[in-house]
Amino acid sequence: MDATAVDELTSTEVEDGPIGEYKRLVRAGQFIDDSFQRLIVSRLDRLYRELLDYTPAKSPDTPKPLGGVGYLRKLFGRDASDRESMPEDTPRGLYIYGDVGTGKTTTMDLFYDTIPTPHKRRIHFHAFMLDVHSRINTFKRTHRATDDPVPTIARELAAQAYVLCFDEFQVTDIADAMVLRRLVTELFRNGVVIVTTSNRHPDELYKNGIQRESFMPCIELLKRRCEVVSLDSGTDYRKIARETETVYFSPITSDTNKVLHALVGLASGNAPVETNVEVRFLGRALLVPVAANGVARFSFAQLCREAHSAADYIELAKHYHTLILTDVPVMDMSNRNEARRFITLIDALYESHAVLIMSSENDIYNLFTGKCEVDSFRAETAKIASPVEPAHLSEVVTEDRFNALAYAGEEEVFAFQRAISRLVEMSSRRWIISGRNRILAENALCQEQSTDDRMRSAA
């Protein structure tokens with residue numbers, strides 16, 4: 001990552017545009033801070049700022065109708081108009097490529113949502129080409145066979161949106177390739193800025209396609225008018241999320257956080273994410289930091305360190321079939337209030353047959369020690385001891401409280417052992433399959449079938 005991108009993303013002054021939105025979403029827990037994505041966001045922020053003062057020049061006049069087979073010649077051959085100069089003041093777009101599951105679409109959508117102009121369009125590239133072919137057919141019905149539809153369609157598209165965001169740019173057949181060869185040229189000529197994602201580098205587009213040499217000018221033009229950047233961390237977290245056979249992740253690392261983030265998308269069917277959703281009951285409100293299609297996400301601090309009752313957890317389990325709980329620490333008797341809330345939460349989720357996905361400091365068998373550090377205990381007892389008490393009386397109080405605390409610790413350990421038993425059951429494939437989240441149930445069924453197939457093959 002270059003120094004400029006680092007400076008932009010670490011600056012506290014930049015709070016608008018893609019960088020500011022990215023920071024906000026990371027703080028809200030909707031994004032996992034990722035160095036590869038940060039690089040792309042910094043590039044998108046550059047474009048965002050250039051677009052703030054950009055207005056496309058007036059489109060060129062409509063060209064005269066072509067004679068003879070001019071339209072076909074335009075599609076399949078080189079024409080002098082292809083080499084005409086483009087507008088010099090058009091901001092350079094962005095071509096983001098990389099493997100699936102790396103966040104290309106997510107970062108592009110973040111950019112799209114922050115652009116203030118209404119003259120923008122975000123569309124899957126396949127749907128865009130269907131629209132273009134439909135426009136061509138409409139044009140042909142009202143014009144002569146030798147008239148060229150591409151400049152007219154490009155002007156129409158540019159008038160509707162001068163910022164075009166394409167998801168999954170790909171070229172697979174000659175019809176698309178030949179239309180794009182002209183259309184991309186005309187769009188740039190009309191001052192359109194293109195931001196697109198793709199699984200392929202531009203040089204790999206339409207590889208081995210029929211008459212690919214005729215498509216090469218389009219590739220070269222894309223590389224000139226768009227900055228080509230790679231978003232490829234080498235890890236497909238969505239694939240890991242689909243194939244994982246666990247719902248508990250430890251220890252807490254950047255990779256486990258990314259898998260959990262991907263699991264939010266998997267469990268919710270990639271539904272739109274909402275933040276700070278209020279669940280109202282009994283005349284009060286429970287604030288859900290992140291929610292999407294029956295999936296709620298909390299940190300341990302938000303759900304177990306803050307003062308919540310069993311009623312809160314029961315209501316949460318009623319509203320959400322899946323809870324993603326992050327950053328669960330190892331607990332001892334100095335955290336007994338948090339431990340009790342955690343146990344109560346597990347009970348509520350268990351009774352409602354909800355799915356729990358969790359990241360923790362240690363595995364579930366070692367989350368509660370039932371012990372308390374002596375220094376922590378003495379600090380606690382010092383708070384309640386009277387400053388005028390005789391030393392010997394203070395020692396008696398301390399000893400009595402230590403014995404009481406030790407007894408309470410046994411109770412907590414017993415309760416936690418029951419919680420562990422439930423956690424083990426809730427992590428099983430059978431629990432997921434019979435649970436309330438149908439998306440995860442279907443994914444678990446596919447995993448089970450795959451396992452059965454492998455066992456039969458090995459037999």
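Quantities reported herein were computed from a predicted structural model and do not represent experimental measurements.

Enquirer: Whenever I open this one, the overall build of the protein confuses me. Can you help?
Expert: Broken down by element type, the protein carries 18 helices and eleven strands. Burial statistics for the protein: of 459 residues in total, 49% are counted as buried. Within the protein, counting contacts between residues at least 6 apart in sequence, those at least 24 apart form 78% of the total. Here the protein has roughly 22,700 Å² of accessible surface; of this, 51% comes from carbon and sulfur atoms.

Enquirer: It is not clear to me how the environment of Arg-135 should be interpreted in this structure. Could you clarify?
Expert: Among the secondary structure elements, Arg-135 is positioned in helix H6 (residues 125-142). Exposure remark for Arg-135: the relative accessible area of 17% places this residue in the buried category. Sequence separation between Arg-135 and Glu-156 is 21 residues; the distance between their C-alpha atoms is 9.9 Å. Sequence-distant contacts of Arg-135, that is, excluding residues within four places in its chain, are made with Ile-153, Glu-156, Leu-157 and Gln-160. In terms of polar contacts, Arg-135 uses its side chain to reach the side chain of Gln-160, at 3.2 Å.

Enquirer: Looking at this structure, how should I read empty space enclosed by the protein?
Expert: Applying the stated criterion to the full structure yields one cavity of 30 Å³ or more. Taken as a whole, the largest cavity encloses approximately 30 Å³ of empty space. What lines the largest cavity is Phe-125, Phe-128, Phe-166, Phe-169, Leu-180, Leu-183, Val-184, Leu-187 and Ile-194. Looking at the lining of the largest cavity, the elements that each hand over two or more residues are H6 and helix H8 (174-189). Here the lining of the largest cavity gets four residues from one element, more than from any other, and that element is H8.

Enquirer: Explain the pattern of salt bridges here, please?
Expert: Side-chain pairs of opposite charge can arise where the charged atoms are in close proximity. Enumeration over the complete set of coordinates arrives at 25 salt bridges. Ionic pairing is found between Arg-49 and Asp-45, a salt bridge with its closest N-O pair at 2.6 Å. Within this pair, Arg-49 and its partner Asp-45 are both found in helix H3 (residues 35-52), separated by four residues, close to a single helical turn. The class of Arg-49 is partly exposed, set by a relative accessible area of 32%. Ionic pairing is found between Arg-46 and Glu-50, a salt bridge with its closest N-O pair at 3.3 Å.

Enquirer: Sorry, what's going on with the packing of H3 against helix H5 (residues 104-114) here?
Expert: How two helices sit against one another is set out by the angle between their axes and by the gap between those axes. At a minimum axis separation of 10 Å, H3 and H5 run at an interaxial angle of 25°. The pairing of H3 with H5 is recorded here as roughly parallel in orientation. In terms of crossing hand, the pair formed by H3 and H5 is right-handed. For the pair formed by H3 and H5, the contact residues are Gln-37, Ile-40, Val-41, Leu-44, Leu-47, Tyr-48 and Leu-51 on the first element and Thr-107, Met-108, Phe-111 and Thr-114 on the second. Across the contact of H3 with H5, the residue classes tally to eight nonpolar, three polar and no charged.

Enquirer: Help me out: how do you make sense of the nonpolar core in this one?
Expert: Across soluble globular proteins, you tend to see nonpolar side chains buried next to one another. Phe-342 and Leu-356 are the most contacted members of the largest nonpolar core, which has 57 residues in total. Ranked by residue count, the leading element in this core is helix H14 (residues 336-351), at seven residues. In this structure, Leu-356 is in contact with Val-247, Tyr-248, Leu-323, Leu-325, Ile-346, Leu-349, Leu-423 and Met-426, ignoring residues within four places of it in sequence. Leu-157, Val-171, Leu-180 and Phe-188 belong to the second-largest nonpolar core, a separate cluster that totals 36 residues.

Enquirer: Is there a simple way to explain the sheet that holds strand S5 (residues 226-230) in this structure?
Expert: By way of backbone hydrogen bonds, the strands of a sheet pair with one another, either parallel or antiparallel. With respect to topology, five strands assemble into an open sheet ordered S2-S3-S4-S1-S5, the strand pairing being parallel. Looking at which strands have only one partner, the edges of the open sheet turn out to be strand S2 (120-124) and S5. Between one strand axis and the next, the sheet turns through 10° on average, direction left out of account. Of the pairings in the sheet, the one linking strand S3 (residues 163-167) to strand S4 (residues 193-198) comprises four bridges and is parallel in character. Looking at the pairing, Leu-164 lines up with Ile-194 of S4.

Enquirer: How should I be thinking about the confidence of the model for the protein in this particular structure?
Expert: Regions with low pLDDT should not have their predicted coordinates read in detail. This prediction gives the protein a mean pLDDT of 81; 78% of its residues lie at or above 70. Every residue in residues 63-72 is under pLDDT 50, and counting partners more than four places away or in other chains gives 17 contacts. Taken together, the stretch residues 380-407 has pLDDT below 50 and engages in 15 contacts with residues farther than four places along the chain or on a different chain.

Enquirer: What am I meant to see in the sheet that holds strand S11 (residues 355-360) here?
Expert: The mixed open sheet is built from six strands, whose spatial order is S6-S11-S10-S9-S8-S7. The open sheet has two edge strands with one neighbour each: strand S6 (248-249) and strand S7 (274-281). Note: strand S10 (residues 322-328) against S11, five bridges, orientation parallel. Residue Val-328 lies in a different strand from S11, and its bridge partner there is Ser-360. Contacting S6, strand S8 (284-292), strand S9 (295-299), S10 and S11, helix H11 (residues 254-268) crosses the sheet at an angle of about 170° to S10.

Enquirer: In this structure, what is going on with the packing of aromatic side chains? I would like to understand it.
Expert: Between two aromatic rings, the relevant description is the distance of the centres plus the angle of the planes. Taken as a whole and judged by the stated rule, the model has twelve aromatic pairs. With a centroid separation of 5.9 Å and 20° between ring planes, the pair formed by Phe-342 and Phe-416 is classed as stacked. Highlighted residues: Phe-342 in helix H14 and Phe-416 in helix H16 (residues 391-426), separated in sequence by 74 residues. Using a relative accessible area of 2% as the deciding quantity, one classes Phe-416 as buried. One Lys or Arg, Lys-120, reaches over the ring of Tyr-112 and ends 4.5 Å from the middle of that ring. Taking the ring centre of Phe-188 as reference, the NZ or CZ of Arg-225 above it sits at 5.8 Å.

Here is what the cut-offs are and how they apply
Residues numbered from 1 in each chain as written. Predicted model: local features only at pLDDT ≥ 70, side-chain atom pairs only at ≥ 80, totals over all residues. Heavy atoms only, no water. Helix = DSSP H or I, 4+ residues; strand = E, 2+ residues; numbered from the N terminus. Buried < 20%, exposed > 50% of the residue type's maximum accessible area, 1.4 Å probe, protein only. Contact = heavy atoms within 4.5 Å. Areas by Shrake-Rupley, 256 points an atom, 1.4 Å probe, with all protein chains shown as cover. Polar contact = N/O pair within 3.5 Å; in protein donor to acceptor, adjacent residues only side chain to side chain. 1 Å grid on protein atoms, 1.4 Å probe; cavity = no way out; pocket = protein on both sides within 12 Å on 5 of 7 lines; lining within 4 Å. Points joined across faces, edges and corners; volume = space filled by probe spheres on them. Salt bridge = Lys/Arg side-chain N within 4 Å of Asp/Glu carboxyl O. Axes fitted to C-alpha atoms, helices over the stretch in contact; angles between N-to-C directions. Parallel < 35°, antiparallel > 145°, perpendicular 65-115°, else oblique. Left-handed = near helix turned anticlockwise from the far one by under 90°. Nonpolar A, V, L, I, M, F, W, Y, C, P; charged D, E, K, R; others polar. Core = buried A, V, L, I, M, F, W, Y, C linked by side-chain atoms within 4.5 Å. Pairing = 2+ DSSP bridges. pLDDT = per-residue confidence, 0-100. Phe/Tyr/Trp six-rings, centres within 6.5 Å; stacked < 30°, edge-to-face > 60°. Lys NZ or Arg CZ within 6 Å of the ring centre and 35° of its normal.

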